[in-house]
Structure formats: structure tokens, C-alpha cells
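Secondary and tertiary structure notes
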Amino acid sequence: MAELIQSIQEMLKQEAWTRATIGSYTENNLKELAQLVEQAKNENCTKEVHSICQEHLSHSKESIIALYICGILDLQDGAIDNSSLETLVDIFHNNHKDNVVTYLCENILEDDSTNRFALRTLADIYLAENNPKVWELYETLVKTDFTEANKAKVLAEHYEAEGDQEKAVDYYKKAILRYINANNYNACKEIWTKLVQFIPEEIDFFQLIRRKIAKQMGEFKTTILMQELYNWYKDNKKWDIAIEILKQNLEVEPKDNWARKEIVDCFRGKYEAHSHLEDYIRSSNLTASFRNVFEAINDFEKHIAFDKGSFVFHRSWGVGIIRKLDNDTLTINFGKAAGIKQMKLSMAVTALKPLSKDHIWVLKATKQKAELAEKIKKDKEWALTTIIKSYDNACDLKHIKAELVPSILSTGEWTSWNVAAKKILEEKPQFGVSPNDINMYTVRDHEITGEEKLSNEFKAQKQFFARAEILYKFFYNEEIDNSSEFFAEMYSYFTGYLKNISKVNEMVIASYLMVRKIGTADKQFAFPIKETFAELYERIEDPRELYLALKDSKFTNFKDEFLESIKMLPDWNKQYIKLFPIALKEKMINDLINEGHQDDVQKLVRTSFEQYKDYRETVIYFFGQCQDKKWYQDANVSYEKQLITLINIIELTFREINNHVNSTENKKINKNATNLLFEDQALFNYMFSKDEDTVKKMYTMIDDIADIDPSYKAQTRSKILDKYPDFKFRVSEEKVSQPKGMIVTAKKLAEKKAELERIQNVEIPKNAAEVADAKAKGDLKENQEYKSAKEQQHFLSLQLAQLQQELNRAVVFDPTTSTTSMVSFGTIVTLTDNDSGKDQVFTILGPWESDPDNQIISYMSPFGNAVMDKKVGESAQFTINEHKYNYTIKEIKKANI
């Protein structure tokens, strides 16, 4: 290494900067320098060599040796700054050494095929030499430089001359989009004419260009262009699009007499078979310049929709067909729903909705259900097209479902149909989304490219992370050209977050990760980010909050990429320890252990169990996922302490849930902790591996949690009794005696509380409004509405008072106290009728649950009270309403509450 460095230093000293030496430079001289670079790489001293040459350039700016070595090393290192090589190429170019320039550029492109400077320089040389390779370079240049419009136009003209219309159109499209960004209207107009000549039917693309020009250069610039396109649609009698174009031009210039005259001609062409066409043109003053053009168009279109044979919809009568139009009177057949109706045209304009013969409502009214259902099931693409167009070409899945379920498809059939339909909407190029609402689907008359489809979805999507998913979907789709202007526009949305960063939030970090990833995968998208990740991370206010704010999807994995980037920081282990309770990623722990930070991890374990209030999910993760890890076993947290911590977390989360603190999160934590203890048998396995005192201690802690599912308490008691039949459970005085008040089940208590809330918050306010409205009508003596509302008010007051009284008396039954030793609340009792010998089965519950028809008896009823406390084999004789009963208690079982 030392010998190589010394050799390079000596060469730099001997180098003389004169025109004579440049004139004598050949490819072989550069190849010798390339060998030095390769030797430096082999000896791992590229940094030292680069530093020596860089220092030399500080006082000898045009040193061929230093420029070449620095430039090639920068290039191979992936540096964005290639100024050394650019300076070197310029020196040789200015001294007419084209062969050396060619060699240099070709070598640069071998390492960096998208280097724009090398592409441009070499392309100029090839062009001068009339070398056909120039077209390949132009294509690469257009692909890598999204501002290059002229070369795109040259390529389009080249392929047009070659007879390759598909390629010509592709490059004309690229050129016009780039000329728009450059505000070059004349160039746009020239290419527009070409595209109208080649692809006039691609109306969506022309509308896209129209919107972009309007935004960039003003709406008036678009009218002449659209007029040229209009002529093709008029000549081909495509009236709907022709009319749409004229309406757009009239919105820009309402007093455009030419457009007004043309739209009348289009209406005549579209409705030539209509019996009252000229009448409606005349009555709407469509040709009269004094009337507002859009008022006239609106008036005409309302009336022209009604003609013999046309379908209409009435809100009450449904779908009908116009059988006769006599002057201004319509005769409409609404079928079995309403029969024949007559209506004045003036009323029809507001009361009826015109429908096309292909409208889904018309099809449902005129087709046999079985026939239509079969068509919809077999041809989902047709069904989607039909329904979406029926909703003025903007419909969401909610309305599509409403049209099909249950009138055509059952709920079960919809589930599978919907899955297939979503796939069609996503993949088929004729379907798109509204630019204003990502949930609204549209249908196009012709297919568009995958690039345009995704671009439209991107514009319609307003959420940052949903847009990120679309960008990745675009970039990694091998069937789509990610070098298109559509991708560049989407990509610029994210690079925009990296310019002049004032605050580092989740969108800045996600943009950084995306741009770095895409730029690494494809150098043409390399973007000069001013700050390093370390600098950005230092400016994050709370990394934990930011981590949670990052949203992943099928195509994005920001959370993991964020963590991987953190690992490049000098104090990454501290950051991982800080973030782990939020991320809970196994790989983080493994990385820390493998990199020698086991002590930090074990300290986190101890901290988590000691300060469990702040580390609830971390405790659950460690307990559930790490029991078999030696580093965890060596963290010095006893298994009993781990179990007790889980019990404490259950109790804590119940308390916070009852106080409405982070209820959703606490319910999830509570469920996970409960499952670890009971479903995974962790509590029981430990308890019964120890002595009876441990069992008593652990059971007492469980029993003290009032809100825990009673079945877990019962399960615990049952298992304890299996091992310790004489175990004495702690029983309070309240459990020995009959509870005061009214015993109820927890389920019924919740229902009654909900009923109380409904009365208080819905029924009473509604009634108060009714009373006020009725009172406002005056004359309270004769006001029946007022009297009725007041009666309802009295009824609600009584109902509320009774319900509140019952709730105050309610005592929730604890199933763990249930016993089958005698008839009691929560038991199913089989009684043998001693007179008939037949058995009868009753469930004993409370007044709220009572349902005599289903043999559910209240323990407070005369019948329930008579059998309460009876044991198996005992008799019960009693009289109710002069009817005598004579039973023997045959069997007592626990009811499933």
C-alpha cells in the first residue's frame, strides 16, 4: 500500500500541465490510471489515494491524474457529485481529443449507465459521427432525465419516420408533458396536433394534458387545443365527448359563439330521432345569444330526455317507460307498481329521473331476476360497468352492494363476488377512480396504461402512507415503465418533503427511507438529501411517537427500515432499548444480544417488571415469548414475580377501563395477560408445583379482582379442590347470607343500564322536543299533539324512576359462589310431580331474567321462593292461586350464566 501511494505521489509531482501533454494523451494512458485505481481497491487504500489526489486538486485544479482517480473513485462509490470526471471530459473535449472523450464516457457509463453528463457528451459525439447508437443514448437520457423534452421530441420524430407509431406516440407523450413543465406552449401545441393525428380516441390522456396546461399556463390556452380534438369527435359522430369538450370550452369562454353553434349541431346529431327536438331547441333559447348558455343547455337537456320509449324513475312509483308524448303530456307505464300515469312535461322535469335503457334500475325492472342474476354472477366486469355508469360514472362499493344485495345476490354470494370484483377494479385498465375521491370508481370508454391508472389513484388518494404504497406498487411493477413522467410526478411529492426540512416528522422520515431505497435500487432516482439520517434522527422530538406514526402496508415496511437505519447510529443500542417497549420486535433483542449488549436487555427486563405500569405490553412480550431464552432466565426476575406482575396488570387495566382511560388499549392488554395466566395454564402449572400456602396466596390475589371473568375464578377453585379437597376458601359474610337487594346476572345488568341510558339520552330529549313543538302551536286545551306528548313524558318519567330504583337494588351474581347442594340462584332444578309422576325442569334466576314460558323462574316469585334452599330428595308442597303443587327435588345442576 505504501509503495502504491508513494508512486501516485511521485506521478502527481512529475505531471506537467501543458497543451502538449494533453495532446499526447491516449486511451492507453487512461488505462494505466485505471490499473492504479484497481490496485488501490485491491490493497484497500482507496480512501488514502482519494485524499492525496483531492489535496493535489486544491492547488492543481486541472491535474489529469488527480481528476481521473478522484472521479473514478467517486463514481464507483456511488457519489452524486461527478464534477471531477466532468472537468476531465471538458478538458479533453476542448482540446479536440474526441477519441479520449468517447473512451472516458463509455467507461463512466459502464459504472453508471444513467450518468447524464456522460450520456449527453457521448450522444453529441455519436450524432456528429452519424452513429446509430445515438438513439439508444437518447432513449436512456430521456429515461433518466425527466426534464429532457427536446430529446424526447427528437426520438418521437425519429420513430415516426421509421414507421414505429407506438414508440413515436410514447415519446410524443413524454415530450408534451415535459414541455408543459417548461411552460413551452408552442411546443405543446405542435405535439398536440401530432397526438390528435395518432391517438384521438385517448380522451383521458388529452383531458389530463388539458388540466395540466390550464394549471400551468392558464385555461384560455386549452380552448384552441380542445377545438382541434373536438373536430375529430364530431366528424366521427361521437356526440357525448364532443358535447363535453364544447361545454369545457364554454366554461372558459361562455360567449364563444362558435362553440354555442357547434353544441346545437351536436345536439341535433345526438337526438336526431327525437320527436320534439326542434321544439326543445327553440323553447330553451339554445340558439339565442341573449340567454345564458348553461341555463339554455340545462333547460334543453332536461326536456330532451323525455320521449316515447324512454325510461324514467319516480321516487314512489319506481321505474316506468314513456308510452306516449302528446304535446306537453306524458303517458307513462309504471307496471304493476303504479300502473299507467299521466304527467305534464313541466312536472316531469322535476319529478322524474331519466334513465338509459342500460341503467341497472331498468334492467332490474325489465329482466327476469334469475336471468339477470346469472348474467351478473358470470360477467362481473359487465355488472360493474353497468352499475358504475348508472351512477353517472362515479360509484363506490357501498352503492354497488346496495344494488345487488339482497335483490340479486344473497349476502353469502356477495362475499365471493365482492372479492373478484375488487380484483377487476384494481387490475382492469378501463376502471379507474375519481380524482376527487379514492373510493369512487369510474369506467372509461377505452383502456389506459398502467402508469396512468396508478397516477390517477395517487392523485385521488389524500393520505400520505396510502400514496407511498401506490408509489412502491408503481416502482416494483415490472410491467409498468417507472421512468415515465407519471412516476416522476409522484416521486417528486416525496422528495418535496426533503427540501428545506423545518420539522422532522413521520412523513419526512418515510420520505427519506423511500427516496434512499428507490435511489439505491435505480441510480436515475438518486436525490441529493442535505441531511444524513443521524442528523434527521437527532431532530426527532420523540422517536417512539414517530415509530408508532409510521404506517406499513403490503408494499411498504417503514417501521423495520427505520429500525435498521437506527442501527447505523453510534448509540444504536440505547435507542433500541428506548424503542423496544413500543416496537416489541424480536430482531431488536437478537441484535442487541448478538452485539454484546445483553446487560442492557436484562436491565430492561428488570425495569419492565418493577415498573409494570409503564411497561405493560413489554411484560407480556417477555413473559410470553422469552421464557426459554437463557439471557431472560438470567435476568433475575423470579417466575412467581412474573406471575404476580401479570395479575397486577389485569387488576390495573380493569381499574382504568372502569375509569374510561385508554379503554381499547387496556382491553387488549387485559385479554393478553389473562390468556397467559389461564388459557396457557401458566398460573396453574406454577401453583400446583408449589405448596398449599403458595396456592392460597395466588388464589387470594385472583379472587380480589372483582371484574375478572367469574369462570376463571370457578376454574381456579375447581382445580384447587381437585388437588386439595379440604381446601378452605376465603368467604366473606356477604356470601354466607342471602345478598340484600335483587340478584341479577351481569349480562342483564348491562342491558338494563343501556336501557336507562337510552331513555335518558334519546327518548326523554326526543319527547321534550315534541312537547315544545306541540306547545308552540298554541291552544293547549284542544291540542291533541300536546296532550299525547305530555302523556308520553309522564310514562317515561315513571319508567325511568322504576328502572333507577331496580338498578339501585341490583346485586350482580358471582357464578363462583354457585352451589348445587341446594336450589339457589343460578341453578337448574328438576322437580318430580308426585301426583303425575312426570318431571319438570326449571332454571332459577331473578325477576329481570324471568321467562315462565321458557321455564325460567324468578327466585323472588311465589313458585321460586317455595323451592329455594331445598336439597335433592326433599319435598316441596305449596299452593299458588288456589292451585296445589306437590314436588320432590330430583336433581340440581349449575346453570350456564
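Relevant structure appears above.
Remember, predicted model here, so these are calculated numbers, not experimental data.

The helix and strand inventory of the protein stands at 45 helices and 14 strands. Here the C-alpha radius of gyration of the protein, 41 Å, is well above what a compact globule of 897 residues would show, namely 29 Å. Over its C-alpha atoms, taken along the principal directions, the protein stretches across nearly 130 × 100 × 55 Å. Counting every position in the protein, which comprises 897 residues, the buried fraction comes to 46%. Looking at the protein alone, contacts between residues at least 24 apart form 57% of all its contacts between residues at least 6 apart. Counting only carbon and sulfur atoms, one obtains 47% of the accessible surface of the protein, whose full area is about 47700 Å². Here the protein contributes 121 positively and 140 negatively charged side chains, and the mean placements of these two sets differ by 7 Å.

Turning next to a negative patch on the surface. Side chains of Glu27, Glu106, Glu110 and Asp111 sit close together on the surface and give a patch of like negative charge. No other element matches helix α7 (residues 98–111), which puts 3 residues into the negative patch. With respect to the helices and strands, Asp111 occurs in helix α7. Residue classification places Asp111 among the partly exposed positions, given a relative accessible area of 36%.

On to the sheet that holds strand β1 (residues 311–314). Strand order in this open sheet of 5 strands is β4-β3-β2-β1-β5, and the pairing throughout is antiparallel. Either end of the sheet is taken by a strand with one partner, and the two such strands are β4 (340–344) and β5 (352–355). Across the sheet, the mean angle from the axis of one strand to that of its neighbour is 40°, orientation sign disregarded. Strand direction decides the pairing type here: β1 and strand β2 (residues 318–326), joined by 4 bridges, are antiparallel. From the neighbouring strand, His314 faces β2, where its bridge partner is Gly318.

So, about unusual backbone geometry. With omega at 5°, the peptide bond leading from Val405 into Pro406 counts as cis. Its place among the elements puts Pro406 in the loop between α23 (397–404) and α24 (411–427). In this structure, His96 takes a positive phi of about 60° despite not being glycine. On the basis of relative accessibility, which here comes to 70%, the residue His96 falls in the exposed class. You will see that Asp869, though not glycine, has its phi angle at about 70°, which is positive. Given a relative accessible area of 48%, Asp869 falls into the partly exposed group.

Inspection of the entire model under this criterion finds 43 salt bridges. A salt bridge links Glu413 to Lys377; the shortest N-O distance between them is 2.9 Å. Of the two residues, Glu413 is situated in helix α24 and Lys377 in helix α21 (residues 369–378); the sequence distance between them amounts to 36 residues. Between Arg544 and Asp542 there is a salt bridge; the shortest N-O distance is 3.6 Å. Taking relative accessible area as the criterion, Arg544 reaches 37% and is therefore assigned partly exposed. In this structure Asp542 comes out as partly exposed when scored by relative accessible area, which is 27%.

Attention now moves to the packing of aromatic side chains. Under the criterion given, the structure shown has 58 aromatic pairs. Summarising the aromatic geometry, the rings of Trp414 and Trp417 are spaced 5.6 Å apart at their centres and angled 25° between planes, so their arrangement reads as stacked. A residue pair is termed a helical-turn pair when its members lie 3 or 4 positions apart in one helix, as Trp414 and Trp417 do in helix α24 at 3 residues. Judged by its relative accessible area of 8%, Trp414 falls in the buried class. Taking relative accessible area as the criterion, Trp417 reaches 3% and is therefore assigned buried.

Let us look at the pairing of strand β10 (residues 827–833). Where burial is concerned, most of β10 is hidden: 6 out of the 7 residues are buried. With 6 bridges connecting them, β10 and strand β11 (residues 839–845) associate as antiparallel partners. Paired with Thr830 across the two strands is Val841, which belongs to β11. Between the antiparallel neighbours β10 and β11 lie 5 residues, among them Gly837 with a positive phi of about 80°. Judged from the 7 bridges that link them, β10 and strand β14 (residues 883–894) form a sheet pairing that is antiparallel. In the strand pairing of β14, Asp833 is matched with Tyr887.

Considering the arrangement of structural elements, one finds Thr114 in the loop between α7 and α8 (116–128). Reaching out from Thr114, the side chain makes a polar contact with the side chain of Asp112 at a distance of 3.0 Å. Dropping the residues within four chain positions of it, Thr114 is found in contact with Leu119, Thr144, Lys523 and Gln524.

With 12 residues, helix α26 (residues 464–475) extends 17 Å from end C-alpha to end C-alpha; this agrees with the ideal 16 Å at 1.5 Å per step. Across the 12 residues of α26, 10 count as buried, placing the element largely inside the fold. Within the sequence span of α26, burial applies to Phe464, Phe465, Arg467, Ala468, Ile470, Leu471, Tyr472, Lys473, Phe474 and Phe475. The inward-facing, buried residues of α26 contact α24, α25 (450–460), α27 (485–495), α28 (506–521), α30 (543–549) and α31 (558–566).

Bringing the nonpolar core into the picture now. Across soluble globular proteins, you tend to see nonpolar side chains buried next to one another. Ranked by internal contacts, the top residues of the largest apolar core, which has 214 residues, are Phe562, Ile566 and Phe622. For this core, the element with the most residues is helix α5 (residues 64–76), which contributes 10 residues. Each residue touching Phe562, except ones within four places of it in the same chain, is listed here: Ile509, Leu513, Phe533, Tyr537, Ile540, Pro543, Leu546, Tyr547, Leu550 and Leu579. Within the second largest apolar cluster, 26 residues are counted, among which are Ile376, Ala383, Leu384 and Val433.

So, about the sheet that holds strand β13 (residues 875–880). On the basis of which strands lie adjacent, the open sheet formed by 5 strands has the order β12-β11-β10-β14-β13 and mixed pairing. Each having just a single partner strand, β12 (856–858) and β13 make up the two edges of the open sheet. Looking at each pair of strands side by side, their axes are set apart by 45° on average, direction ignored.

Attention now goes to α28. For α28, built from 16 residues, the straight-helix expectation of 22 Å at 1.5 Å per residue is met to within 8% by its first-to-last C-alpha distance of 22 Å. Regarding α28, the residues found buried are Val508, Ile509, Ala510, Ser511, Tyr512, Leu513, Met514, Val515, Ile518 and Gly519. Turning to α28, the residues buried within the fold contact α26, α27, α29 (533–538), α30 and α31. Measuring from the backbone nitrogen of Met507 back to the side-chain oxygen at the start of α28 gives 3.1 Å, which picks out Asn505 as the cap.

Inspection of every chain in the model, using the stated rule, returns 0 disulfides. With no disulfide of its own, Cys105 lies closest to Cys70 among cysteine sulfurs, the gap being 18 Å.

Within the fold, Ser511 resides in helix α28. You can call Ser511 buried: its relative accessible area is 0%. A distance of 2.8 Å separates the side chain of Ser511 from the backbone oxygen of Met507, its partner in a polar contact. Once residues within four sequence positions are removed from consideration, Ser511 is found in contact with Phe464, Phe494, Tyr497 and Leu498.

Relative orientation of the contacting elements α27 and α28 amounts to 135°, with a least axis distance of 9 Å. When the axes of α27 and α28 are compared, the pair comes out oblique. Here α27 contributes Phe487, Tyr491, Phe494 and Thr495 to the contact with α28, which in turn contributes Ser511, Met514, Val515, Ile518 and Gly519. The residue makeup of the contact of α27 with α28, split by class, is 6 nonpolar, 3 polar and no charged.

The rules behind these values
Residues numbered from 1 in each chain as written. Predicted model: local features only at pLDDT ≥ 70, side-chain atom pairs only at ≥ 80, totals over all residues. Heavy atoms only, no water. Helix = DSSP H or I, 4+ residues; strand = E, 2+ residues; numbered from the N terminus. Rg over C-alpha atoms; globule rule 2.2 N^0.38 Å. Buried < 20%, exposed > 50% of the residue type's maximum accessible area, 1.4 Å probe, protein only. Contact = heavy atoms within 4.5 Å. Areas by Shrake-Rupley, 256 points an atom, 1.4 Å probe, with all protein chains shown as cover. Lys, Arg positive; Asp, Glu negative; His and termini not counted. Charge placed at Lys NZ, Arg CZ, Asp CG, Glu CD. Patch = residues over 30% accessible without salt bridge, like charges linked within 9 Å, V, L, I, M, F, W, Y side chains within 5 Å. Salt bridge = Lys/Arg side-chain N within 4 Å of Asp/Glu carboxyl O. Pairing = 2+ DSSP bridges. Axes fitted to C-alpha atoms, helices over the stretch in contact; angles between N-to-C directions. Phe/Tyr/Trp six-rings, centres within 6.5 Å; stacked < 30°, edge-to-face > 60°. Polar contact = N/O pair within 3.5 Å; in protein donor to acceptor, adjacent residues only side chain to side chain. Expected span 1.5 Å × (residues − 1). Core = buried A, V, L, I, M, F, W, Y, C linked by side-chain atoms within 4.5 Å. Disulfide = S-S within 2.5 Å. Parallel < 35°, antiparallel > 145°, perpendicular 65-115°, else oblique. Nonpolar A, V, L, I, M, F, W, Y, C, P; charged D, E, K, R; others polar.

Everything listed is a geometric property; what it means functionally is a separate question.
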